[in-house]
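Descriptive analysis of the structure
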Amino acid sequence: MIEKEQLRSTPKNGYRLGIMKVASLSLRLVASVQIFVCLASAQDPVAIPDGIAGALESGQNRGFRVISAQAPDLTEIPNSFARARQQLNGRLTVDGDLVANEAEKGTNPDGSFDVDVINFERDANPEVIDQTGYPDDTEFPGIPGTGGHATLFATEVMTFLELSAGEHTFGAQVFVGRVDTSPSDDNGLQVFTGTNPRDFFATELAAFVRPADAPAFGVTPWDFEFKITAPVAGVYPIRIVYWSQAGAAALEFYENNKLVNSDGSIAAFRESTTANHSHAYIAEVSPPPGVADIAPAEPISVLLRDDKTTVMDGSVKFSFNGADVTGQATIVRSGSGTSITYQPAISRQSERNEIALEYMDSAGQTFSREWSFKNALGEKPPKVTGQWDFSDGLKATIGAD
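Residues numbered from 1 in each chain as written. Predicted model: local features only at pLDDT ≥ 70, side-chain atom pairs only at ≥ 80, totals over all residues. Heavy atoms only, no water.

Here we look at the overall build of the protein chain
Counting secondary structure elements, the protein chain contains 3 helices and 29 strands. Here the protein chain holds 401 residues, and 49% of them are scored as buried. Long-range pairs, those at least 24 residues apart, make up 73% of the contacts in the protein chain between residues at least 6 apart in sequence. A total of about 18,700 Å² of accessible surface is found on the protein chain, and carbon and sulfur atoms cover 51% of it. (Helix = DSSP H or I, 4+ residues; strand = E, 2+ residues; numbered from the N terminus. Buried < 20%, exposed > 50% of the residue type's maximum accessible area, 1.4 Å probe, protein only. Contact = heavy atoms within 4.5 Å. Areas by Shrake-Rupley, 256 points an atom, 1.4 Å probe, with all protein chains shown as cover.)

See below:
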């Protein structure tokens, strides 16, 4: 195992890597290629909520579960987390058409791959690997897909980390691209936790945003560090969502200069025996909570997904603005998903949209969630103050004769 700091001081290809430190950044120049590896300052710690940890002995099968989804080459899709989430849920559309998923599937029932460490580079290209933080990078699981290319993909990493109580600093190396591409070729990354961190309302632990001091016209490996605080010692469900456009792509997940789950690092497990982990969850909500100016004709839709437990048939309750409208909603179960669609009155003259959802899983757990958004208001219909019937001597139907 070569640790990160050792790697930075080891000669490569006859050159010695140098480190310059500028304020909170550390810069590394790689032999004959003007690529810098930059280390961004860690964010303020994010506290993991109580009630998420499983017992220390609940982790089983060391490693990670990884699954990818990939759009066909040259498909125009945004560089955003919303796109990545829809892509992983198999619901990404362009101009109303479902985008095909070309990623290869793993041997697990859900199509995921089992991996020991997160140490990926798009092509496993030795010249590019030489620029990343750790040796022996492999291709992203499932990429390239059936289309034979390595672009326009999203990758989900699921694991259960064994954490001591207190603060932990993790790092993830990604790439930032040039600023003159549209959409941006920057890699994207968000990290979540929860009893099921795939849930739409899971706690966000970190979100990578292109740093202001990133080079404008270079392709740059960037070490993104984030801090979390565990309330108690235990096993914590973690989800990493990574996405890439058409540029360079790499993802390395480390702690204390060691890849997570490598020798001497924090242990990661593919499964947890904790009863409330990996339950059926809310995968998508549209319109998103907190938005405004939504067209009144846009329906409200929710996607529930099964995991270790399943959504119980007949258990869904859906309320709109305090009224139970379950009977008016369309609830359809297909495969491992349950979709809920409700269309409020298009002519409604209030921007208020308050939703309450409740469902039960096969383990007997009941889940409830509330959220809201605001719709746009159209012009109110004119108030009729007078109507006269010309066929009856201008007698008034409404108002005075």
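Structural notes on the environment of Phe 140
By the secondary structure assignment, Phe 140 is in the loop between α3 (126-129) and β11 (153-163). Taking the C-alpha atoms as reference, Phe 140 lies 9.1 Å from Ala 249; in sequence the two are 109 residues apart. Apart from the residues within four sequence positions on either side, Phe 140 is in contact with Phe 120, Glu 121, Arg 122, Phe 153, Thr 155, Tyr 242, Ala 249, Ala 250 and Leu 251.

Digging into helix α2 (residues 81-88)
Of all 8 residues making up α2, 6 are buried, and the element is well covered by its neighbours. When α2 is considered as a whole, its buried residues turn out to be Phe 81, Arg 83, Ala 84, Arg 85, Gln 87 and Leu 88. Looking one or two places after α2, you find Gly 90, whose phi comes out positive at around 70 degrees.

Overview of the sheet that holds strand β21 (residues 300-305)
Two strands in a sheet stick together by hydrogen bonds in their backbones, pointing the same way (parallel) or opposite ways (antiparallel). Strand order in the open sheet formed by 4 strands is β20-β21-β25-β24, with antiparallel pairing between adjacent strands. Each of the sheet's edge strands pairs with one partner strand only, and the pair in question is β20 (281-286) and β24 (330-334). Averaged over neighbouring strand pairs, the angle between their axes works out to 15 degrees when direction is ignored. In this sheet, strand β25 (residues 337-342) lies alongside β24 in antiparallel orientation, the contact comprising 5 bridges. Residue pairing across strands places Val 332 opposite Ser 339, the latter belonging to β25. (Pairing = 2+ DSSP bridges. Axes fitted to C-alpha atoms, helices over the stretch in contact; angles between N-to-C directions.)

Quick notes on the sheet that holds strand β22 (residues 317-320)
What the 4 strands build is an open sheet, ordered β23-β22-β26-β27; its pairing is antiparallel. Two strands bound the open sheet, and with one partner strand each, they are β23 (323-324) and β27 (366-374). Here 4 bridges tie β22 to strand β26 (residues 352-360), and the two strands are oriented antiparallel to one another. Bridged to Ser 319 within β26 is Ala 356.

As for the confidence of the model for the protein chain
Taken residue by residue, the protein chain gives an average pLDDT of 87. The fraction at 70 or more is 84%. Taken together, the stretch residues 1-37 has pLDDT below 50 and engages in 85 contacts with residues farther than four places along the chain or on a different chain. (pLDDT = per-residue confidence, 0-100.)

With respect to the layout of surface pockets
Roughly 760 Å³ of volume is contained in the largest pocket. Around the largest pocket sit 33 residues that line it, and Arg 65, Ile 67, Asp 110, Arg 198 and Asp 307 are the ones nearest its centre. Among the elements of the structure, β6 (64-70), α2, β11, β19 (268-272) and β20 are those that each provide at least two residues to the lining of the largest pocket. In terms of residues, the lining of the largest pocket owes the most to one element, β6, which gives 4 residues. The class makeup of the residues in the lining of the largest pocket is 7 nonpolar, 12 polar and 14 charged. Of the pockets and cavities examined, the second largest pocket occupies roughly 260 Å³. (1 Å grid on protein atoms, 1.4 Å probe; cavity = no way out; pocket = protein on both sides within 12 Å on 5 of 7 lines; lining within 4 Å. Points joined across faces, edges and corners; volume = space filled by probe spheres on them. Nonpolar A, V, L, I, M, F, W, Y, C, P; charged D, E, K, R; others polar.)

So, the side chain of Arg 85
Tracing the chain through its elements places Arg 85 in helix α2. The residues contacting Arg 85, other than those within four sequence positions of it, are Phe 200, Ala 283 and Glu 284.

Here's the deal with the environment of Ala 69
Within the secondary structure layout, Ala 69 lies in strand β6. Separated by 32 residues in sequence, Ala 69 and Asn 101 have C-alpha atoms that sit 5.6 Å apart. The residues touching Ala 69, leaving out its near neighbours within four places in the chain, are Gln 87, Leu 88, Asn 101, Ala 103, Leu 152, Phe 153 and Ala 154.

Points about the pattern of salt bridges
Taken as a whole and judged by the stated rule, the model has 14 salt bridges. For Arg 270, the salt bridge is made with Asp 114, and the minimal N-O distance between the two is 3.4 Å. On the criterion of sequence distance, the pair formed by Arg 270 in strand β19 and Asp 114 in strand β9 (residues 113-115) is long-range, its members being 156 residues apart. Between Arg 352 and Glu 354 there is a salt bridge, with its nearest N and O atoms 3.5 Å apart. Take Glu 354: its relative accessible area is 39%, and that puts it in the partly exposed class. Bridged by salt links that share partners, the residues Glu 156, Arg 198, Arg 239 and Asp 307 form one connected network. (Salt bridge = Lys/Arg side-chain N within 4 Å of Asp/Glu carboxyl O.)

Description of the pairing of strand β17 (residues 250-255)
With 6 of 6 residues buried, β17 lies mostly within the body of the structure. The two faces of β17 match: Ala 250, Glu 252 and Tyr 254 on one face and Leu 251, Phe 253 and Glu 255 on the other face are all buried. Alignment of strand β10 (residues 119-121) against β17, held across 3 bridges, turns out to be antiparallel. Paired with Asn 119 across the two strands is Glu 252, which belongs to β17. Here 2 bridges tie β17 to strand β18 (residues 258-259), and the two strands are oriented antiparallel to one another. Across the sheet, the residue bridging to Glu 255 is Lys 258, located in β18. Connecting β17 to the next strand, β18, in antiparallel fashion are 2 residues, including Asn 256 with a positive phi near 55 degrees.

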